[in-house]
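Spelled out, the chains give:
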Amino acid sequence: MGCQHSLQGSDASKVRTIYLNEPIRNNFCKNSISTAKYSIWSFLPRYLCLQFSKAANAFFLFITILQQIPDVSPTGKYTTLLPLMIILTVSGIKEIVEDYKRHMADRLVNTKNTIVFRENEWKVIMWKEVKVGDIVKASNGQFLPADMVLISSSEPEATCYVATSNLDGETNLKIRQALLETAEMQTEQLSSLSGKIECEGPNRHFNTFIGTLYLNGKSPVAVGPDQVLLRGTQLKNTRWILGIVVYTGSETKFMQNSIQLPLKRSTVEKVTNVQILVLFLLLLAMSLVSCVGAILWKEGHGGDIWYIGTKGYSSHSLGFDILVFIILYHNLIPISLLVTLEIVKYIQALFINWDEDMHYEGNNVYAMARTSNLNEELGQVKYLFSDKTGTLTCNIMTLKKCTIAGIIYGNLSSRSDTILDNLSASPSAITESGGFNDPTLLQNFENGHPTRDYIKEFLTLLCVCHTVVPERDGGNTTYQASSPDEAALVKGIKKLGFVFTTRTPSSVTINAMGENFTFEILNILEFSSNRKRMSVIVRTPTGKLRLYCKGADTVIYERLSDDSLFVKETLTHLEYFAKEGLRTLCIAYTDLTEKQYQQWLMEYKKASTVIQDRRQSLEECYDHIEKEFLLLGATAIEDHLQARVPETITALLNANIKIWVLTGDKQETAINIAYSCKLLSAKMPCIRLNSNSLEATQQAVNQNCQDLGILLGEENDLALIIDGETLKYAFHPEVKRSFVNLALSCRAVLCCRLSPLQKAEIVDVVKKHVGAITLAIGDGANDVGMIQMAHVGVGISGNEGMQATNNSDFAIAQFSYLEKLLLVHGAWNYFRVTKCILYCFYKNVVLYVIELWFAFVNGFSGQIIFERWCIGLYNVIFTSLPPLTLGIFEQCCSEKSLLRCPQLYRISQAGKIFNTKVFWFQCINALVHSFILFWLPMKMLEHDMVLQGGYTTDYLFLGNFIYTYVVVTVCLKAGLDTLSWNKFNHLAIWGSIIIWLVFFAIYSFLWPTIPVAPEMTGQVSVVLVCPYFWLGFFIVPIVCLILNLLWTSIRNTCNGTLLEEVRKMERGRVQELHLPTAFEKSVKTEHLQLPLSSQLHKVVFQDESVDRSAPRGYAFSQLEQGVITQEELIRSYDATKIKTSKSL
């Protein structure tokens, strides 16, 4: 794939040697990064390449060159050169302003401060000054400025926690551990550090690193990915770390995953370019017709044209005449369109930037259009690719609800048990506080409720069964955890009076309702994706042996004892939690006998020493003791969504925008979020593709395609869920087309565990396969590839750095702002830009085809009917304001209607108001108008007339008649095209007519005071007193526009669209009462495919990958297969000891 090739970057083909404390020998790239389009040196060539890739600019450059040939141009040498220079200048200024903003955004990143060890002391420098070989110190909460090898840390075992959601989208923290050879290094030892690091060259692979540390006087030590901290990651739960920089700037791994910022062009611009090429062919045809006409006219009147003085007609003069006619007709292609669009789009971008509804007051961030070239693309988006972590979610988890002994607690409005049983009813409202809030639980505990013992055991288990480490800072206790779920549970029950206070290598102490209890930790049975659970074996304060377990309902339920109670009730509650999009864990325990435990312990020790497949042996060993559970209940954790995410997704789906979620996080987490934000529903069948081979993937894809039958290719109420490993096989040439067809047949698609490259690949595949406009939105460095690959890239200005924002086309602070950006600004901008383009072509065809009609009466001599500077100023002054007002102020309907009726978006999405058919209909309309505008005045003056003083009229007298009628007609046509009137429209339309008449009056008296246009002298005196002129002034424009008025009236009356219905309601101000009727009409007329989709329930899916069961909501984020096991890590902490060591 082209995408794949462009993303690969440099690979680890060259070994890199980094010398410690020898900065002169480390000569590598700078740490500054750039996401801008241009530099000082590349601006001119790249900008000119971009501008002359536009067909119109290339054409006008060609005309400018032709006009410099002596005696060729009937319109002068500079009438095209001057406007072209103005266009290039205005466009250049706009590009410079927009790129300057990108440079400023890059500067914010490059000028962040960090601390490095140089010249035997710590110095504060900017990120861009960091060099390979520098020793960098980072503190808790800071983002890392470069890729570095960890050499020391403030934490036990020289470990540290890093948040990598900015790179891979995973919510759980990662653990990195320094090498033992450097783990104890302090400031005084750094100056004597001597040696080198040899490692692989820069590459894009986040999870791999091969290197060797050579310290003088010591044996070489291998360095792997567990010692590497990447740029863009954030230090968490760690006071400080020290690292040696190995990659900087564009050579860091997340910069290697980005692609060169492409020069994107909108679909409307591409369509316009094609039409310009067709118009150019038409222009050539007109020129050839005129040449043939000239030949025929000279042959027919050869003896009668002695006054012209032309003898003979050579092939050279034929070529010469072709050039003359090309220059004569070249204004068919509107040069003013380019500068008009630049102004219009720039102001549209300002409207986006100034929109207070997209102003996030939390950090005072406004929406920002980083480029104005794609404004109208916002109105045509068909596929939306969204990141999950940080884009849909806030990266904040809280305990929201729980069920204990068959009773549900947490944030419930008062309702009867019968409503609880009716799970089809709407879920209860979630309180604004965002945490667990139900006093009933403590009341039941304190008042001796029959379930009191269950409540105590439930809360005790949550206090004990985890890998969280408490850290005291004065009177405050903070919790460190690699798992955000465990941190949420421990913090949640703290509010209920069960507080986890102390961890030592062999015990945990909790405070339960003011009383301390210490549990001896005997064993930790670690979590893994295969086990879907974690357990601890403890000795309780009363001396009992007990195994506490939390995990997925599927693995807990199959291990329940026959004596376990509340099984059915808890399962019902789990389904209810899942429908709300909450992350669920089942809670259970079992008591062990000493004999049972000792027998298992021998088995455990044996499995711990196995050389081959130790992990599998341990998991089998764990399974032997995790049985006969007694169910206590379940927890429900909320992964907080950003504000109004469900409502926004609903609106976008109603606007016929297909939404795909692409994330690097786990599948269970992504599914929960999809339910939470209403992308998935409980009744929606899910196709889950999790295969470990090409054959299995191909079989599952083909079987599902076969099962869908005629529904394949239609939008069905169906979800597709696939992981990154399976996606590799799905993109195999033998499977790709079937997989894409299957994906496009689903209402929602979730792709999990994806690399940044895979995200970009998916966007690229959909772009090429469907041909629809795509939009990608994300907030992290791992989203940069898909943001750049999509037609429109939107960056979230979140808490994960500025990398996504700096590489985007538009930046917003919240996902919910996408609703207004697309449905309002996108729709408006599409209407505005397309109307502006159509009108510019219309007014040019109207005026300049008149030269062709005039050629029929001037012997195809190349004579122009209008004064040459009047021709040049037609687009620059006299008709420049109407297209500007159409492009800036036009509204198809109000903002309120667009938001309340998302179906209106489908009009711009489908491109119904701008396509080849509409374009040529407008051109034919203009051709008819030009015919009327020439021949009607021509016939009025057919017999000539005698002016005052006995003077007769000339060609320019007729030309000024026609020119005035053209200006009036095209200005009034702008009024007919306008849907939303305001003072600027009136000023533009009537003002343009007045400007021409005033100019005409002044221009007629310039010569000889100013040596220009002598042929115009006194024209106003004879034209404005002519009765024929004023008769035509009213009749000719009416004759031209009466057909347009009738056509528009009949079309809107007989074939009223949803837009017309909404506009009628707006005019009558009855939206509130009748707008739903418009919705129903839209559904009936625009959803003809629904009968097919409604047949989905009849489809029998034979492949086991299809899941029709109700969701249970299981999700748990925890580090797996880390450099240090969870048990080793927590046994290295002793919260009873005050941290005094390792302070810098």
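Analysis parameters
Sequence order as written defines residue numbering, which begins from 1 separately in each chain. The predicted nature of this model means local features are confined to residues of pLDDT at least 70 and side-chain atom pairs, given and counted, to a pLDDT of 80 or more, with totals for whole chains, interfaces and linings taken over all residues. Note that the side-chain values use all heavy atoms of the structure and ignore hydrogens as well as water. UniProt positions are given in the numbering used here, feature names are shortened, and annotations may be inferred rather than shown by experiment. Every helix listed is a DSSP run of H or I at least four residues long, and every strand listed is a run of E at least two residues long, numbered separately from the N terminus. Each residue is assigned to one of three classes by its accessible area relative to the maximum for its type, calculated with a 1.4 Å probe on protein chains only: buried under 20%, partly exposed between the two thresholds, exposed over 50%. Contacts are assigned to residue pairs with any non-hydrogen atoms lying within 4.5 Å of each other. Basic side-chain nitrogens of Lys or Arg form a salt bridge, by our definition, when they fall within 4 Å of a carboxyl oxygen of Asp or Glu. Points on a 1 Å grid, built from protein atoms alone, make a cavity when a 1.4 Å probe fits but cannot get out and make a pocket when they are open with protein on both sides within 12 Å along at least 5 of 7 lines; residues with an atom within 4 Å of a point are the lining residues. Grid points are joined across faces, edges and corners, and a volume is the space filled by probe spheres set on the points. Under the convention adopted here, Pro, Cys and the residues Ala, Val, Leu, Ile, Met, Phe, Trp and Tyr are nonpolar, Asp, Glu, Lys and Arg are charged, and Gly plus all remaining residues are polar. Orient the strands so they point away from the viewer, and a crossover whose first-strand-to-second-strand path over the helix runs clockwise is right-handed. We treat two strands as partners when DSSP finds at least two bridges between them. A fitted line through C-alpha atoms represents every axis, and for helices the fit uses only the stretch in contact; the resulting angles, taken between N-to-C directions, go from 0 to 180 degrees.

- The chain is annotated in an unreviewed UniProt entry as Phospholipid-transporting ATPase from Felis catus.
- UniProt lists a comment for the chain under the heading Catalytic activity (unreviewed entry), and it reads "ATP + H2O + phospholipidSide 1 = ADP + phosphate + phospholipidSide 2."
- Of the chain, the UniProt comment under Cofactor (unreviewed entry) reads exactly: "Mg(2+)".

### Points about the overall build of the chain
- On a plain count of helices and strands, the chain comes out with 41 helices and 34 strands.
- A burial count over the chain gives 58% of its 1144 residues as buried.
- Long-range contacts, defined as pairs at least 24 residues apart, comprise 76% of the intrachain contacts of the chain with a sequence gap of at least 6.

### What about the pattern of salt bridges?
- Following the criterion strictly, the structure yields 37 salt bridges and no others.
- A salt bridge links Asp665 to Lys388; the nearest nitrogen and oxygen atoms lie 3.2 Å apart. In this pair, Asp665 sits in the loop between strand 27 (658–662) and helix 20 (667–676) while Lys388 sits in the loop between strand 15 (381–386) and strand 16 (393–404), placing the two residues 277 residues apart along the sequence. Summarising the burial analysis for this pair, Asp665 and Lys388 share the class buried.

### Considerations on empty space enclosed by the protein
- In the structure shown here, the tally under the stated rule is seven cavities of 30 Å³ or more.
- Around the largest cavity sit 22 residues that line it, and Lys54, Glu269, Leu338, Leu341 and Lys345 are the ones nearest its centre.
- If you list the elements that add at least two residues to the lining of the largest cavity, you get helix 2 (43–52), helix 3 (55–67), helix 8 (267–300) and helix 10 (336–354).
- In terms of residue class, the lining of the largest cavity is built from nine nonpolar, four polar and nine charged.

### A word on the pairing of strand 29 (residues 716–723)
- Of all eight residues in strand 29, seven are buried; the element is thus mostly enclosed.
- Note on the crossover from strand 28 (residues 686–689) through helix 21 (residues 694–708) to strand 29: the handedness is right-handed.
- Bridging between strand 29 and strand 30 (residues 746–752) involves six bridges; their strand directions are parallel. When the bridges of strand 30 are listed, Ala719 appears paired with Ala748.

### Remarks on the environment of Phe60
- For Phe60, the location among the structural elements is in helix 3.
- Leave out the neighbours within four places in its chain, and Phe60 touches Thr80, Leu84, His330, Ile333, Pro334 and Ile335.

### Here's the deal with the sheet that holds strand 16
- Across the sheet, which stays open at both edges, the nine strands sit in the order 17-16-26-25-24-23-22-21-20 with antiparallel pairing between neighbours. If you trace the sheet from one side to the other, it starts and ends with strand 17 (407–409) and strand 20 (498–504), each paired once. For this sheet, the mean inter-axis angle between neighbouring strands, taken without regard to orientation, is 30°.
- Direction of pairing for strand 23 (residues 533–539) relative to strand 24 (residues 545–551): antiparallel, over a ladder of seven bridges. Opposite Val536, over in strand 24, you have Tyr548 as the bridge partner.

### Things to note about the sheet that holds strand 7 (residues 174–177)
- Reading across the sheet, the three strands line up as 7-6-12 and stay open at both edges, with antiparallel pairing between neighbours. A single partner strand is all that each edge strand has here, and the edge strands are strand 7 and strand 12 (234–236). Each adjacent strand pair in this sheet contributes to an overall mean axis angle of 45°, direction not counted.
- As defined by bridge partners, strand 6 (residues 159–163) adjoins strand 12 across three bridges and the pair is classed as antiparallel. When the bridges of strand 12 are listed, Tyr161 appears paired with Lys236.

### Details of the pairing of strand 31 (residues 773–778)
- Most of strand 31 is tucked away: six of the six residues are buried.
- Burial along strand 31 is two-sided: the residues Ile773, Leu775 and Ile777 and Thr774, Ala776 and Gly778 are all buried.
- Where strand 15 and strand 31 come together, five bridges link them in parallel fashion. Counted as the bridge partner of Tyr383 is Thr774 from strand 31.
- Sheet topology note: the strand 31/strand 32 (residues 792–796) ladder contains four bridges and is parallel. Paired with Gly778 across the two strands is Gly795, which belongs to strand 32.
- The β-α-β motif built from strand 31, the intervening helix 25 (residues 784–789) and the parallel element strand 32 has right-handed crossover chirality.

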